Each structure stands twice: as C-alpha cells, then as structure tokens.
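# Structure at a glance
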Amino acid sequence: MEKQIKRIGVLTSGGDAPGMNAALRAVVRAATSWGIDCVGIRRGWNGLINSDFIRMDTSSVSHIINKGGTLLYTARSEEFRTVDGQDKALGTCKLLGLDAIVAIGGDGTFRGALDLSRRAAEKGSSLRVAGIPATIDNDIGCSHYTIGFDTACNTAIECIDKLRDTMQSHERCSVVEVMGRHAGYLALNVGLSVGASAVLIPERELDFEKDVVEKIRRARLAGTTHYMVVVAEGAGSAMEISERIREEVGLDPRVTVLGHVQRGGAPSAQDRVTASRMGYTAVKALAEGNGNCIIATKAGQLVTLEMEEALQMKKEFDMSAYRILEALTNNCGPL
Ligand code: F6P
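Read on for an overview of the structure.

## Some details on the site of the ligand
Around the ligand, the neighbouring residues are Arg76, Thr135, Ile136, Asp137, Met179, Gly180, Arg181, Glu233, His260 and Arg263. At 2.6 Å, a side-chain N or O of arginine 76 approaches an oxygen atom of the ligand. A distance of 2.6 Å separates an oxygen atom of the ligand from a polar atom in the side chain of aspartate 137. One can see that the ligand is located within the largest pocket. Split by residue class, the shell around the ligand holds 2 nonpolar, 3 polar and 5 charged.

As structure tokens, then:
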C-alpha cells in the first residue's frame, strides 16, 4: 500500500515560461483542498540542495494566475547533476518531511526529476516526483503541449506584426530570430501566423537557394515588396542569414532578435487553463498513489504517464504545418 501524501514540495526550474505561476497556484490550491501541506522550493533544484524554501498556503498564491515569470524564482542547477547534489536534495526532503516533489519546467527539469527519483529509490526513500511540462520551446517528447508555448507565440506574433508595418512602408526585408532552443515549433507556428515569406527550422536541412533566395525572388515577381524571414535560433543566426540575403539577393535586410521578451508577459487563456489543469492533476495523481509521473497532453487530453517511460518518448515533428505554410505563401506557385 502506497504511503499517504502529507506534504509536497513544489518548484519551478530551467527557463521560465508564462503560466508557471498558474501551475504553481493550482498545485498549492489543489493540495490544500486535499489537506496536503505545501512547501515552495525556491530557485529550482538549487533550492532543494540549499534548503531554500517557503511555506505556501492558498493566500500565498493569490493574484499570480495572471503573472508571467515565477514567484518561486528559477535556475539551472549544475550541482543537481551530481550524486552529491541529489543526496543533499534528498536530505532537504527528509528534513522538511516531504513525501513528494512537483517539478514545473522543461527537459532539464525533467532530467533532474528522473535523477532524483532514481537516487531516492536507490536509497530506499519513498519520495515521489511528478513533472509538469512548462517551456516556451514546446520540445518535451512525451507531451503534445507545454505551458507557455501559446503565450510566447502570441508575443512573437505581436512583435512581428509591428515589424511588418515598418517593413511594408520601407519595402524592406526583415529577418527575425525567435527562440526554441534546438526545436522549430515556435518558429513554425509564428511563421504560419504572420504569413512569413520563409521559415527556417532545425528540423529541416537548410537549402539556402531553395528555401530563401528562390522564395524571395518568386515573391518579388508576384509583386511583393517586403519580405518576412523567420529563423528559429536552432536553425542558425538571423545575422548570418541576413548577410547571405544581402550578398545573394541584393536586399538590405533588417535583423531583429526577439530574445527573452518571448518568455515574459501575462499568460494566455490556453496557458492559464492548461497550467491549472496540469497542476491539479499532478497533485491528484500523487494523492491517489501514483508513482513518479509526468502530466502530459495527448490528443488534447491530459494524461498521467509513468516517468521513466515518458522521458524516453520522442515527439514526431509535424511537417504538415510546414507544408501548409509553403502552400499559403504567395511565392510558392509555379512561375
Ligand atoms: O528553453 C527556453 C529558452 O528560452 C530557449 O528558447 C532559449 O534557447 C533558452 O531558454 C535561453 O536560455 P537563457 O535564459 O539561459 O538565456
């Protein structure tokens, strides 16, 4: 019979994502509603190593559902990659009487969650760990969706719509770099949403002549006088792409690297709802005696996956969005 959960620790780790606060709120409020104590671990896995924590109750998460960033701060922890760091973290869990940890973050966070759960098992600890996917990159293999992605897309779209106004007026080419780390989900969704002339993503090998030069030439022939090229940071640097456009097409592009602005801002409805549902489901799974798990989305539904299995899953990149983008760009038809 599983040990009943009496106290959980919750943390946010890795790059912050809009909606992390909403997930935190949901975890604390759901736990409280089941009579489970909640402790906020600050600064990601480092907080668990250094006993950096705060007691949390329903009022400590008031007025944060609409806020970007994370109330608990976040960090990437090198020390937590070591067995020594994990042992210190287990010491803190014991000291605080934590039966479970809910970790909110991306793949680095989940790697930490897996390491901690394995080390706990090795040491005979009954600690359980649940993961909630939150990253603007949407690059978690086991989950179709990650908290923060929709807001980041909307932020990038808003910025690019503004760029388009000035590019149109000056009849210029704009090269915009968006985040996403090694993945092109953000770039592709944003490119589709702004009607980009070309989108460069790491999932597709770049053929500069075909993917950029030819598209701009065709657009020019079709009467377009401004061009929007969206580059995923994992596919190359906007500066370099711009230089090649200057050399090979003869345009004078302007470069915009959107950067960390994409990580901030009030979460969208989709991110607030997903975060609230995932936070609630994580606590429910733990309270119902689930072992180490990841809360994920699959075909629009929330699912609770066994952690080891979940973290081996790979996400198939959906190229259909790329094909749609190509079909809808006015430069792709026959000459
Ligand atoms: O993983 C989220 C993310 O914003 C990536 O898109 C980006 O590559 C990275 O974090 C930036 O990290 P940092 O905040 O450490 O500069």
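On we go from here.
## As for the pattern of salt bridges
What the rule picks out here adds up to 24 salt bridges. Of the charged contacts, one joins arginine 119 and aspartate 87 as a salt bridge, the two residues approaching to 2.7 Å between their closest N and O atoms. Taken together, the residues arginine 119 in helix α4 (residues 107–122) and aspartate 87 in helix α3 (residues 83–96) connect sequence positions 32 residues apart. Residue class for aspartate 87 comes out partly exposed when judged on its relative accessible area of 21%. Linked by salt bridges that have partners in common, Asp87, Arg119, Glu122 and Lys123 make up one network.

## Overview of a nonpolar patch on the surface
Together, Leu192, Ile324 and Leu328 make up a nonpolar patch on the protein surface, roughly 280 Å² of accessible area in all. Within the secondary structure, leucine 192 sits in helix α6 (residues 185–194). On the basis of relative accessibility, which here comes to 32%, the residue leucine 192 falls in the partly exposed class.

## Observations regarding the sheet that holds strand β7 (residues 198–200)
Across the sheet, 4 strands lie side by side as β7-β8-β6-β9; this open sheet has parallel pairing. In the strand order of this sheet, the two ends are held by β7 and β9 (254–257), each with one partner. Ignoring strand direction, the axes of neighbouring strands in this sheet form an average angle of 15 degrees. Pairing of strand β6 (residues 173–178) with β9, which is carried by 4 bridges, proceeds in the parallel orientation.

So, how was this worked out
- Residues numbered from 1 in each chain as written.
- Predicted model: local features only at pLDDT ≥ 70, side-chain atom pairs only at ≥ 80, totals over all residues.
- Heavy atoms only, no water.
- Near = heavy atom within 4 Å.
- Polar contact = N/O pair within 3.5 Å; in protein donor to acceptor, adjacent residues only side chain to side chain.
- 1 Å grid on protein atoms, 1.4 Å probe; cavity = no way out; pocket = protein on both sides within 12 Å on 5 of 7 lines; lining within 4 Å.
- Sits in = over half its atoms within 2 Å of the grid points.
- Nonpolar A, V, L, I, M, F, W, Y, C, P; charged D, E, K, R; others polar.
- Salt bridge = Lys/Arg side-chain N within 4 Å of Asp/Glu carboxyl O.
- Helix = DSSP H or I, 4+ residues; strand = E, 2+ residues; numbered from the N terminus.
- Buried < 20%, exposed > 50% of the residue type's maximum accessible area, 1.4 Å probe, protein only.
- Patch = residues over 30% accessible without salt bridge, like charges linked within 9 Å, V, L, I, M, F, W, Y side chains within 5 Å.
- Areas by Shrake-Rupley, 256 points an atom, 1.4 Å probe, with all protein chains shown as cover.
- Pairing = 2+ DSSP bridges.
- Axes fitted to C-alpha atoms, helices over the stretch in contact; angles between N-to-C directions.

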